[in-house]
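Residue-level listing of the chains:
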Amino acid sequence: PRSDCIAAEQLCLSDSTCNGTYRILESCALAKTRFPPLDYDSRVRCLNAELDLGNSSLLHCRCHRRMKRQEHCLRIFWTVHSSMTDGYFNLETSPYENPANEEHWKTDYNKLAALLSGSQLAGDATNPCLKATHVCNLSKKCVRLRTDYASICTKRAGSEDVCDRRKCHRGLRNFFEKVPEDFTKRILFCPCQDELCGERRRKTIVPDCSFQYNTKPNCLWLLDSCLEDHICKSRLADFQQNCHPADMSPDGCSQHSHAACLQAYMGMIGTPMTPNYVSNSSVEVSLWCTCESSGNQKEKCDQILGMFESNKCL
């Protein structure tokens, strides 16, 4: 069975051969963040060190979305698999355990929703997004973490008219990782029939802070920011694996699991590549970026944008 990467690292460090190989991979991962790029001999040395791990539990370890020390676990995974990101943005495999293998938290959403129905709090029955918010307010954890990110993402830092995007993103990740999915999915994917409901849904993640910059950056710049961040790179790999479209598949997904794709989509929120709804009147989503002025990398840029804008699986 796959172990988590923190346990696998401890096991490896207690073995002198594995320890030596792992230290080489650590220096390889560090060298890849620096300029100039690794020369041919160094790349071969790094690849050989990865192959030397053979059947080590490090090579097959994974992380859990809700685990403590998640960043440390992901750093270990990308140290061992650093060759995956060479030359192209397609990340071959997700560092996260399969959603099917992860324990789904039992929640009291339906019990709280039943308490809400018939009460004055229920509000307009035609606005499911409003109802989902009211149900969240009845759960201590849901309302606390939702209030946390809302206050951070609307707070203006100093005299400048800008928010602290990094803190806002961290607050959003906290909400989507720590609150049971019964609540988060209903708030983020509530079905709307009118623009008032759509506006509430679009503003779920406080887009003025978490999503929009003053001007749209190039999508390649967003990708570069993402690949420099262990969490974002991991969520992108998870998204690419679970939301990979397949034309021949009846449901449009190569993995045949819309639930896994939606979970991976939620994982992107609170990263440099945070997506959101583009309007109040549709369920179309996008990244806040453009492919104008991409030069000879226009095709790659369009692919990045297309993962969200024209993805049949998503």
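Preceding block: the structure.
Because the structure is a prediction, the values reported are computed rather than measured.

### Notes on the state of the cysteines
No. 1: Summed over the entire model, instances satisfying the criterion amount to 14 disulfides.
No. 2: A sulfur-sulfur separation of 1.9 Å characterises the disulfide bridge that pairs C129 with C190. Linking C129 and C190, the disulfide has an S-S dihedral of approximately 90° and is accordingly described as right-handed. With C129 in helix α6 (residues 128-137) and C190 in the loop between α9 (181-188) and α10 (195-202), this pair connects stretches of sequence that are 61 residues apart.
No. 3: The exposure class assigned to C129 is buried, which follows from its relative accessible area of 3%.
No. 4: With a sulfur-sulfur separation of 2.1 Å, C136 is cross-linked through a disulfide to C142.

### Focus on the packing of aromatic side chains
No. 1: With the rule as written, the count across this model stands at seven aromatic pairs.
No. 2: Ring centres of F175 and F176 lie 5.2 Å apart, and the angle between their planes is 80°; this geometry places the pair in the edge-to-face category. For the pair shown, F175 and F176 are each scored as buried.
No. 3: Each ring, one from F211 and one from W288, has its centre 5.6 Å from the other, and the planes form 65°; the classification is edge-to-face. Linking F211 in the loop between α11 (207-210) and α12 (219-227) with W288 in the loop between β2 (285-287) and α15 (298-309), this pair joins segments that are 77 residues apart in sequence. Residues F211 and W288 agree in their burial class; the two are buried.
No. 4: The structure contains a cluster of three or more aromatic residues connected by ring pairs, namely Y149, F175 and F176.
No. 5: Positioned over the ring face of Y213 is R165, at 3.9 Å from the centre of the ring.
No. 6: The aromatic ring of W288 is capped on one face by K216, whose charged end is 5.0 Å from the ring centroid.

Conventions adopted
Residues numbered from 1 in each chain as written. Predicted model: local features only at pLDDT ≥ 70, side-chain atom pairs only at ≥ 80, totals over all residues. Heavy atoms only, no water. Disulfide = S-S within 2.5 Å. Helix = DSSP H or I, 4+ residues; strand = E, 2+ residues; numbered from the N terminus. Buried < 20%, exposed > 50% of the residue type's maximum accessible area, 1.4 Å probe, protein only. Phe/Tyr/Trp six-rings, centres within 6.5 Å; stacked < 30°, edge-to-face > 60°. Lys NZ or Arg CZ within 6 Å of the ring centre and 35° of its normal.

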